[in-house]
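Report on the structure
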Amino acid sequence: MTKQGLKYISDKLTEAGIPYAFMVWTKPLTYPYFVGEYTETEPLYEYGESQCTFMLTGTANGSWLTLENAKEQIRELFCDSGTGHIFENGMGIAVMYSDSKPIPTNTDELKRIQINLQVKEWRVK
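A brief report on the enclosed structure follows. None of the values given here were measured: they were computed from a predicted structure.

1. Notes on the packing of aromatic side chains
On inspection of all chains with the given rule, the structure shows five aromatic pairs. Pairing Tyr8 with Phe87 gives two aromatic rings, centres 6.2 Å apart and planes at 90°, and the pair type is edge-to-face. Of this pair, Tyr8 sits in helix H1 (residues 3–15) while Phe87 sits in the loop between strand E4 (83–86) and strand E5 (92–103); the two residues are 79 residues apart in sequence, bridging distant segments of the chain. This pair shows no difference in class: Tyr8 is buried, exactly as Phe87 is. Summarising the aromatic geometry, the rings of Phe22 and Tyr38 are spaced 6.2 Å apart at their centres and angled 20° between planes, so their arrangement reads as stacked. Here Phe22, found in strand E1 (residues 20–22), pairs with Tyr38, found in strand E2 (residues 33–41); they are 16 residues apart in sequence, far enough to count as distant. An aromatic cluster of three or more residues is present, and its members are Trp25, Tyr31 and Tyr33.

Laid out in structure tokens, this is it:
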């Protein structure tokens, strides 16, 4: 994943008012918050293409509804059919909502969810 792609996702989440950080939450603790990371996979179809699964892990205290509302907001932001952008250097990105799953925390206070986004980037040489 390119730094332009990481910035694109970060900017979209920030513009939507979703508290987000990459890899580790270092800001003062407020709920809910989301931390992102990614796993790259080998592209199957096109030269110059890269793809990855971008995992957003959301944490909240209290109700599951807080995370479900945030999930729907993220789903609308990166709709199933994809949200894309062409950067000034000609590189393109498409980000699509994929799926989600609750993550056990073994505590009644904290709730956690993982939201998966599929990301494809294309480079122009």
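Back to the text.
2. Brief notes about the pairing of E2
With three bridges connecting them, E1 and E2 associate as parallel partners. Among the inter-strand pairings, Tyr20 is bridged to a residue of E2, identified as Phe34. Summarising the sheet, E2 and strand E3 (residues 49–61) pair through nine bridges and their orientation is antiparallel. Residue pairing in the sheet places Thr39 in a bridge with Thr53 of E3.

3. Topic: the sheet that holds strand E6 (residues 110–122)
One open sheet holds the six strands; their spatial order is E1-E2-E3-E6-E5-E4, and the pairing between them is mixed. Every interior strand has two partners, whereas the edge strands, E1 and E4, have only one. Ignoring strand direction, the axes of neighbouring strands in this sheet form an average angle of 25°. Pairing of E5 with E6 involves 11 bridges; the strand directions are antiparallel. Following the sheet pairing, Asp99 is matched in E6 by Asn116. Sitting on the sheet, helix H2 (residues 64–77) touches E2, E3, E4, E5 and E6, and the angle it makes with E6 is about 10°.

4. Details of the environment of Val119
Take Val119: it is sitting in strand E6. Along the chain, Val119 and Cys52 lie 67 residues apart, while their C-alpha atoms are 5.3 Å from each other. If sequence neighbours within four positions are ignored, Val119 has contacts with Met1, Ile9, Ser50, Gln51, Cys52, Phe54, Ile93, Ala94 and Val95.

Parameters at a glance
- Residues numbered from 1 in each chain as written.
- Predicted model: local features only at pLDDT ≥ 70, side-chain atom pairs only at ≥ 80, totals over all residues.
- Heavy atoms only, no water.
- Phe/Tyr/Trp six-rings, centres within 6.5 Å; stacked < 30°, edge-to-face > 60°.
- Helix = DSSP H or I, 4+ residues; strand = E, 2+ residues; numbered from the N terminus.
- Buried < 20%, exposed > 50% of the residue type's maximum accessible area, 1.4 Å probe, protein only.
- Pairing = 2+ DSSP bridges.
- Axes fitted to C-alpha atoms, helices over the stretch in contact; angles between N-to-C directions.
- Contact = heavy atoms within 4.5 Å.

Function-wise, these values are silent; they only describe arrangement.
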